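Overview (structure and organization)
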Amino acid sequence: MTPTRISPMLDRELARLQMPYDTGEAARRAVSRDAWAVGAIMEYYGAPVEPIAAAVLRPRDEAEVRAAVRWAAAGDHPLVPRGGGTGLTGAAWVDRPDAVVLELGGLTGGFEVDERRRTVTAGAGLTGARLEQRLSALGLTTGHQPSSAARATVGGFLATRSSGPFSGRVGKIEDLVRRASWVDGAGGLHEDEGPGGFLDLVLGCEGTLGVFTRATLAVQPLPEHVAMTSAVFDSLDAGLAAMRRIVQEGLAPAFLRLYDPSAAVQALRSPRRGAGAGGRFPGGLLSPASHLGRRTLPWVLRAAPLLNRLIQETLPRLWRNRFLLLAGAAGDPFGAQLGASQMSAIMTACGGRDLGQEPARRWWTHRQALFEIRPRVFASGAFADALDVSTTWSRMPGLVSAVLEELAPHAFVMAHFSHAWHDGCSAHLTFAGAGRSLEDTLTRYHHVWNLALTAAARHQATISHHHGVGRLKRDFFASEHGASVELLQRLRRTLDPAGILNPGALWPA
Amino acid sequence: MARLSAEAFLLRAREICGAEHVSWPDPSAALRVRPSTTAQVASLVRAARETGCRVCVQGRDDQAQAAPAAGIVELELRRADQVIALDATGAWVSVQAGLTPAALEARLAHEGFTLRCHTAGHGHRTLAEVLALPLPGLHGPAPFRRVIAVTAVWADGTTLRTRVSPRQAVGPDPRAFLVGGHGACCVVTEVCLAVFPASVPSGFETLAFPDLSCALDAALRLAGTAPPLSPVEQALAPDGDRWLLHLWFRGPAACVAVGRDRAAHGPGEGHGEARGEAPARAFWRPFSAPPGAEVPLSPRPLSIEALAGLELAPGEFISGFTPAGAVHFALPGAPAAPVLLGESADPRVRALFGV
């Protein structure tokens, strides 16, 4: 299929909007995909990215967003709002040749800090990294620093209910937002206060109910110090019990992460070692960064059942420690140290063996580098993705064993647990596999997702804790919301009567 | 017309709940129905729509509510008072929303848990009513959201049931919206709430200040303290010519001790005079008043600027401090008009009902 030729009429209409736009093929192609694995798989096999957007609109302020939405509603043009394009689920993904991408990266004005109220107001197009950089200069932080923050935007955070590794201290984005402005599908401007209320019905809408233009978020002083501690446990249950007690006993860890044996190896590898011969840990042999790893990874991953068994049986012998729990407490030096020592005491009481601060510090130092592995996996012809589910503490062990059991015959799987809340936590199940052709790889990829989400739904877990739904998980939207779907559909018809806002994302078409 | 509608509804309500749970002593008064299950509430709301009756939830508003007019159906949820499940591991309890916090606290005490909240005189109202209000302890700091799941009957009679899960990113999250809209958008019939192990230590401290300005400065400073050394709740109340700041800490004993010590004697100005733990412990003691003896206070969120000029009557207090402001819990004023189901003040919500 060749890219849609732009009609002169569309070009004239866009010009009349008097805002920056682009109808060049390269620009349209660049914004037609987000970071969903399907794009990378297709790229590896040289499959063309089709369809691509008909045009890209780049509004510079709220008024231009409203004008763009009104134009789209009047002409029935599907609009795909796009922030940093870092989503993993195909929320900012063009699947219709008549779609117009609304690129929101230009909404960076209006940065304002209210030190007394401890809030920052920022345009939806400001990236998380830039926001933190500007706040840091004032000695402040939102504490919301997801791994995608270098490119992900404030509006994207709100649209996907995102979460960062320090959620135990500051919460998810819905806990931080104090006010947000957004434009509905008819171009109407809304301003709602949070947390709670009507805003909670729009947060996480992935651009299907409205387009975020501005947000006021809570900030706090940069912590003076982060004290850390680590321990290993002989079982998943013991590790989860320690996590649970830490949060239920009123401690608010800056981070709290439990890794299964395979994931622990990955978490503790330093990127420098990984970039070389693959590191001294057994997992290094599979490192996609090494030449051997790149050549052999797809072969190895096609034998996923054997690999899973091998790792489960040999890893504990090679590396005595099994389930690794890393924790950090932030604050003034004495307070942070006190928090860390209390967490360490709970870990020990739950059967953990103290490893001191070094493992946690190593993760802290290299936490962003771990995400560089993903593109390298795709470059080898294999695929990798992550299922982020959450459920209550009592359901978690059953959920994890069910998902692992379903996936183990089809993909290499490892798990870690983060985002610990009073009533439960999220499980992050990373899986990798490979096929023999584009079709075979995509079939395997979707099959693995289908198995994982079916198992999650069967165990009454939420199908997404912070990655969102996009096009990847939309068929499970109804299983998550049950009878509320009718209310939510009504909400959608009310806010977007023309049905132009990101059709195909979040809700089944 | 209204009377005909009410009479038609009366017959349906008797079929749904049983005649003994429907009362209409005087045709010039509201018709009161006492359902005990979600299914009954849903049937009643549908019946009301079909017969053209307007519905209000009894005692929904925080202020004393004016008596509903003739022909209005008043739903009273107090019969829906069962504990459905308690998950000791997950520290949550699932209950019918007609239960009162006082009754739930008594039942939780047997299981070693507590609600950990101050209901500002609302301890003997239903949980559905109380959860719709901003009350100290119920709506805590950012990482903590008290309501884990909700079952509610929407104004058109549809039953909505959210999943029991800590957090999600699967589109809109209606939990907070439904709980806050109890009475106006929906009738909350069941809730799943986070509860706290009673074994976790609590600590109290009271600081006395000569004026409101100093006390507010101290409260706002403490609200910005990093956990786990920050108080979980603070309340500021007048006491003669002094202002007392009642602090409530919760967490490991060492953290509680350091938090108390820092609040009373830490570095910086304006710490107030430490009065020990007794006054704060008495203030935060849950549900000490018998039914009928409590005066439900009306919560009014106020900015920092508005707080500075505030005058408090005896019995009133300020709590729920954030760096941006706090909540003034005031003695009730004039009775408010009843809030009618499906007649939200927000036009966007009314549009959801097709109004």
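About the criteria used
- Residues numbered from 1 in each chain as written.
- Chains lettered and ligands numbered in written order.
- Predicted model: local features only at pLDDT ≥ 70, side-chain atom pairs only at ≥ 80, totals over all residues.
- Domains from an automatic or database assignment.
- Pairing = 2+ DSSP bridges.
- Helix = DSSP H or I, 4+ residues; strand = E, 2+ residues; numbered from the N terminus.
- Axes fitted to C-alpha atoms, helices over the stretch in contact; angles between N-to-C directions.
- Contact = placed C-beta atoms within 7 Å.
- Parallel < 35°, antiparallel > 145°, perpendicular 65-115°, else oblique.
- Left-handed = near helix turned anticlockwise from the far one by under 90°.
- Nonpolar A, V, L, I, M, F, W, Y, C, P; charged D, E, K, R; others polar.

Taken domain by domain, chain B holds domain 1 (2-78 + 336-352), domain 2 (83-197) and domain 3 (202-288 + 297-330). The C-alpha centroid of domain 3 of chain B is placed 40 Å from the C-alpha centroid of domain 1 of chain B.

Residues and elements named next belong to chain A. Here we have five strands laid out as an open sheet, ordered β5-β6-β10-β8-β9, and antiparallel in their pairing. Sheet topology places β5 (112-114) and β9 (189-193) at the edges, where each strand pairs with a single neighbour. Across the sheet, the mean angle from the axis of one strand to that of its neighbour is 15 degrees, orientation sign disregarded. Note that strand β8 (residues 177-184) and β9 share five bridges and pair antiparallel. By the bridge assignment for β9, tryptophan 182 is matched with histidine 190. Its contacts with the sheet place helix α4 (residues 62-75) against β8, β9 and β10 (210-218), and it is angled at close to 155 degrees to β10.

Residues and elements named next belong to chain A. For the pair helix α10 (residues 236-248) and helix α15 (residues 333-349), the least separation of the axes is 9 Å and the interaxial angle reads 140 degrees. Taken as axis vectors, α10 and α15 run oblique relative to one another. As for the relative orientation of α10 and α15, their crossing is right-handed in sense. Together, Ala242, Arg245 and Ile246 of α10 and Met343, Ile346 and Met347 of α15 make up the contact between the two elements. A class-by-class count of the residues in the contact of α10 with α15 yields five nonpolar, no polar and one charged.

On to the interface of chain A and chain B. At the interface, 69 residues of chain A touch 51 residues of chain B. Ranked by residues supplied to the side of chain A that touches chain B, first place goes to helix α21 (residues 484-495) of chain A with seven residues. Its residues assigned to classes, the side of chain A that touches chain B shows 25 nonpolar, 31 polar and 13 charged.

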